[in-house]
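# Residue-level structural notes
Here are the chains, one letter per residue:
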Amino acid sequence: MEQMPRRLPFWRDNFVLPEASGSGVYRGHDRDLVSAAENWPFSKCREFASDTPIENIEIHSMHLSLSFAECGRVVFFKKS
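The rules behind the values
- Residues numbered from 1 in each chain as written.
- Predicted model: local features only at pLDDT ≥ 70, side-chain atom pairs only at ≥ 80, totals over all residues.
- Heavy atoms only, no water.
- Helix = DSSP H or I, 4+ residues; strand = E, 2+ residues; numbered from the N terminus.
- Contact = heavy atoms within 4.5 Å.
- Areas by Shrake-Rupley, 256 points an atom, 1.4 Å probe, with all protein chains shown as cover.
- Buried < 20%, exposed > 50% of the residue type's maximum accessible area, 1.4 Å probe, protein only.
- Phe/Tyr/Trp six-rings, centres within 6.5 Å; stacked < 30°, edge-to-face > 60°.
- Arc of directions from axis to C-beta.

## Structural notes on the overall build of the protein chain
For the protein chain, the helix and strand inventory stands at 2 helices and 2 strands. Counting contacts in the protein chain only where the partners sit at least 6 residues apart, residues at least 24 apart contribute 58% of the total. Accessible area for the protein chain stands at about 7600 Å²; split by element, carbon and sulfur atoms hold 56% of it.

## Side note on the environment of Val34
The topology assignment puts Val34 in helix α1 (residues 29-38). The class for Val34 is buried, based on a relative accessible area of 4%. Sequence spacing of Val34 and Ser67 is 33 residues, and the spatial spacing of their C-alpha atoms is 9.9 Å. Aside from chain neighbours lying at most four places away, what touches Val34 is Trp11, Phe48, Leu66 and Phe68.

## What about the packing of aromatic side chains?
The description of an aromatic ring pair uses the distance of the two centres, along with the angle that the planes make with each other. Throughout the structure, instances matching the rule amount to 1 aromatic pair. An angle of 85 degrees between the planes, with centres 5.4 Å apart, marks the rings of Phe48 and Phe68 as edge-to-face. Here the residue Phe48 occupies a position in the loop between α1 and β2 (49-50), and Phe68 occupies one in the segment after α2 (57-65), the gap between them amounting to 20 residues.

## Observations regarding α2
The periodicity of an α-helix, 3.6 residues per turn, causes residues three or four positions apart to be oriented the same way. Taken as a whole, α2 has its buried residues at Ile59, His60, Met62 and His63. All buried residues of α2 lie within an arc of 160 degrees about the axis, which places them on one face of the element. For α2, the exposed residues set more than 90 degrees away from the buried face come down to Ile57, Glu58 and Leu64. On its buried face, α2 sits against β1 (10-11), α1 and β2. Positioned one or two residues after α2, Ser67 has a phi angle of 75 degrees, which is positive.

Shown next, in the form of structure tokens:
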């Protein structure tokens with residue numbers, strides 16, 4: 001298994017208000033956000049990561065279009 005780097009910035013959540021969902025308000029800004037993260041002046045990282053729910057195929061496609069590569073799937077557990 002590939003060892004993860006010590007510093008790995010993580011792109012979390014593409015939030016859009018529910019009433020704006022599906023309106024295209026976010027479309028086109030995803031590349032700007034990824035570019036800003038890649039060029040973050042204090043970042044000394046060669047890569048960064050992101051995640052999305054397995055069932056969110058639309059966001060999978062967005063990640064692939066931004067040159068992200070799927071690197072694994074996760075199963076979550078909880079104990080009460």
